[in-house]
Structure formats: structure tokens, C-alpha cells
Amino acid sequence: MTEASERIRRLVRPAVQAMQAYQVAEPGDLIKLDAMENPYRWDPALVDAWLETLRGVQVNRYPDPAATELRERMRSRLDIPPQAGLLLGNGSDELIQLLGMALGGRRRTVLAPGPGFVMYRLIAGFTGMEFVEVSLNAEDFSLDVDAMIAAVRAHDPAIIYIAYPNNPTGNAFDRAAVDAVIREAPGIVVLDEAYHAFCGETFMDAITGYPQLLVMRTLSKMGLAGLRLGYLAAHPDWIGQLEKCRLPYNINALTQASACFALDHLDVLERHTARIRADRLVLHDALARIPGVERVWPSQANFITCRVAAGSAAGVHEGLRERGVLIKKLDGTHPALTDCLRVTVGTPEENARFLDAMTEVCAA
Ligand SMILES: Cc1ncc(COP(=O)(O)O)c(C=O)c1O
């Protein structure tokens with residue numbers, strides 16, 4: 001052990017030694033409302049049809065490195081501009097990593113508004129980049145455009161990430177504010193539209209007008225988190241450079257076949273998404289009525305962030321767990337999120353279980 005520690009200290013990059021590994025809560029049999037997953041499973045007939053297509057997959061062979069059939073299916077079913085290049089990742093997390101590998105290194109900066117998605121900071125760390133966070137307006141988590149532009153001028157970021165809608169705050173920033181940042185960017189702007197399905201607004205069409213704009217999405221939040229498939233659309237020259245850093249078989253054969261199948265049944269995923277959007281409103285209003293819940297922010301994503309009474313977040317989080325419900329404690333992760341919790345919109349039954357538990361815990 002001593003021998004290992006000495007070598008670790010000497011060899012592992014200091015930025016990596018200083019990092020904490022990404023932690024995922026163990027759900028056991030709790031109602032899982034912590035990770036922005038879609039709660040709906042496919043009906044048995046659809047599962048049978050899916051398993052039938054998997055029969056044809058030759059797992060003894062490497063997958064198609066270009067994922068040709070899947071990319072064609074994505075282009076025909078998703079609103080990707082025909083002129084744009086398309087890069088696939090093992091989840092959009094991997095795309096963030098690819099961006100770091102292609103653009104990273106010393107004296108390269110990643111800039112993002114905060115509180116924001118943790119992976120931008122984490123991946124900047126292990127791809128040797130500086131990370132600069134620009135605070136969102138504390139009251140409504142809107143983008144502070146003046147502060148963003150001042151920071152862009154001061155730090156000359158190679159990459160600016162803007163999650164639209166933002167995680168963990170749930171809001172989609174004002175379009176004109178985002179446009180102003182894109183116009184000011186000296187490097188690239190990655191619009192992370194992971195929650196696009198719940199929002200309706202998109203910058204996908206703007207790719208053709210802005211060569212510095214890359215739009216990233218994922219199929220995770222639409223109900224396919226287990227497949228790990230993210231995509232990035234941008235000017236083909238950008239995609240050509242990023243492709244060089246992509247490992248050849250990053251999208252495995254089962255994912256390629258399953259995602260093709262799912263895209264042929266996009267109506268099912270869209271029905272689930274519409275249901276979640278409708279239930280989000282009900283959940284928001286019910287949560288806002290619970291005594292002890294001080295603030296509920298409007299959401300354009302599939303989760304809701306709220307603030308509970310000062311100092312009570314840890315107790316509420318634990319109380320919910322004891323009552324069988326797992327949500328995310330944001331309190332302690334960022335100064336702007338003190339006393340905050342985040343809950344994913346589940347099925348109506350799951351939401352009701354959460355609300356009952358929340359009412360009980362907040363009254364205790
Ligand atoms: C803003 C944002 N971007 C990207 C991701 C990662 O998505 P994926 O499952 O495609 O890696 C998440 C996941 O929570 C997210 O919140």
C-alpha cells in the first residue's frame with residue numbers, strides 16, 4: 001500500500017489526485033427519483049419485438065464503427081440539419097470527454113454558468129483544462145449575460161458549455177442572452193440540450209448560422225438511459241476533428257440495434273415524454289403547497305428543484321429515504337443551492353408517494 005501511495009503521488013496527475021470520483025447513490029428498492037430517468041418501461045409486446053431484433057446481432061463481431069444504420073435512422077427521425085455533421089457518444093458524458101481531449105491541455109479554459117452540470121468541471125479537470133464558473137442570478141437562476149460576457153473576455157475560453165434547460169436548476173435561459181454569449185465566444189459553444197424533449201425550444205437550427213455552435217443531446221432522458229447514446233451536431237469540420245479522438249467501437253452493437261428499434265417507435269417515447277411534461281405541472285403545484293417547502297422553481301426539464309426550510313434539507317432527504325423515496329440532495333453541492341433538493345418527475349403513483357412522504361417529513 002505504501003509503495004502504491006508513493007507511486008500514485010509521483011505519477012498520477014495532481015488534478016486527478018485532487019478529484020473526487022463521481023458518486024452514484026445506491027437505490028436498493030427505493031422509488032428512484034434522483035437521476036432524471038424516464039420511469040416508463042415498454043409494454044411486453046414491444047419488449048418482445050425488441051428482443052426479436054436483438055437475435056440478429058452478432059456479438060462475436062465488433063460493432064459497425066461508423067454506426068451507419070443508426071446515424072441514418074437518427075437523421076431521418078430527429079431534427080438534425082442535413083448540412084450538419086453528427087458525432088455519436090457513449091452517452092453525452094463521453095462527448096464532453098471527447099471535447100476535452102480534442103481541445104484540452106494547459107492554458108485552455110472551459111467556462112460554464114453555475115450551478116450547472118458537474119461533468120463539465122470534472123472532465124475539464126482530467127483533460128488538463130481550467131474551469132471557470134460564472135454565477136447565475138441567485139433569485140431565478142437566469143443567465144447573468146453581463147457577467148458571462150465579461151468572463152468570456154477575461155478568460156478566452158476554448159469551450160463554453162450552456163445546458164439548455166440547465167441541470168440542476170431546470171430553467172431554459174433567455175434565448176437572446178444565449179445568442180449574445182454565442183456571438184461573443186472566441187472558441188466553441190456547446191449547447192447541451194439533454195432535456196430538450198421536455199422543453200420544446202432548441203438551438204439545433206442555429207448550427208447553420210453559427211460555425212462556433214455545437215448542439216449536444218442524449219437519448220437518456222427520453223427513456224433510453226441504459227443504452228448510453230448521446231449525439232453532437234455541428235459544422236462537419238468540427239465533427240471531423242472530434243472523430244479523431246473517438247474510439248472506433250464506442251457505440252456497442254446492442255446499443256446500435258436497440259436505438260434503431262427505439263427510433264422506429266419514437267411515438268412511444270414521445271408519449272412518455274408528453275406524460276412527464278403534463279405531470280411536471282401537477283407535481284410542481286402540489287410541491288409548492290406543502291408547508292415547509294419555501295420555493296419551487298419552474299422547470300422545463302423532467303425534474304423540479306425546490307428549497308426547504310433553512311437547515312432542513314439533509315433531514316428531509318433522509319426522511320424521504322426512510323419512507324422509500326430517493327431524490328437528490330443539492331444542498332452542500334453549491335453555495336447557490338443551500339437547502340435545495342431536486343426530484344425527478346416519475347409516474348403519477350411515484351409522484352404521489354413522493355408528495356405524501358414529503359408532506360409527512362416536512363411536518364415532522
Ligand atoms: C445537462 C446534462 N448533460 C448531459 C447529461 C449526461 O447525459 P448522458 O446520459 O447522455 O451521459 C446529463 C445527465 O444528467 C445532464 O444533466
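Values in this document were obtained by computation on a predicted structure and should not be read as measured data. (Residues numbered from 1 in each chain as written. Predicted model: local features only at pLDDT ≥ 70, side-chain atom pairs only at ≥ 80, totals over all residues. Heavy atoms only, no water.)

**Comments concerning the sheet that holds strand β12 (residues 328-329)**
Reading across from one edge, β9-β10-β13-β12 is the order of the four strands in this open sheet, with antiparallel pairing throughout. Strands with a single pairing partner mark the edges of an open sheet, and in this sheet they are β9 (293-296) and β12. Sheet topology note: the β9/strand β10 (residues 303-308) ladder contains three bridges and is antiparallel. Within β10, the position partnered with V293 by the bridge is V308. This element, helix α11 (residues 266-288), spans β9, β10 and β13 (340-344) of the sheet and lies at about 5° to β10. (Pairing = 2+ DSSP bridges. Helix = DSSP H or I, 4+ residues; strand = E, 2+ residues; numbered from the N terminus. Contact = heavy atoms within 4.5 Å. Axes fitted to C-alpha atoms, helices over the stretch in contact; angles between N-to-C directions.)

**Re the side chain of N302**
Mapped onto the elements, N302 comes out in the loop between β9 and β10. Engagement of the side chain of N302 in a polar contact is seen with the backbone oxygen of M36, the distance being 3.1 Å. Contacts of N302, omitting those with residues within four sequence positions, involve M36, E37, Y195, F198, K221, I276, T344 and V345. (Polar contact = N/O pair within 3.5 Å; in protein donor to acceptor, adjacent residues only side chain to side chain.)

**Things to note about the domain arrangement of the protein chain**
We note that the domain assignment places domain 1 (21-43 + 268-363) and domain 2 (59-264) within the protein chain. Here the C-alpha centre of domain 2 lies 25 Å away from the C-alpha centre of domain 1. With 24 residues of domain 1 at the contact, the number on the domain 2 side is 28 residues. Regarding the contact of domain 1 and domain 2, the summed buried area is about 2300 Å², with carbon and sulfur atoms giving 63% of it. Taken together, the links from domain 1 to domain 2 amount to one salt bridge. A salt bridge links E139 to R295; the shortest N-O distance between them is 3.1 Å. Inspection of the domain 1/domain 2 interface yields ten residue pairs in polar contact (both at pLDDT 80 or more). Put simply, the parts of the chain that give the side of domain 1 that touches domain 2 at least two residues each are α11 and β10. No other element matches the five residues that α11 contributes to the side of domain 1 that touches domain 2. Here the side of domain 1 that touches domain 2 is composed, by residue class, of 13 nonpolar, seven polar and four charged. (Domains from an automatic or database assignment. Buried area = accessible area lost by both parts, 1.4 Å probe. Salt bridge = Lys/Arg side-chain N within 4 Å of Asp/Glu carboxyl O. Nonpolar A, V, L, I, M, F, W, Y, C, P; charged D, E, K, R; others polar.)

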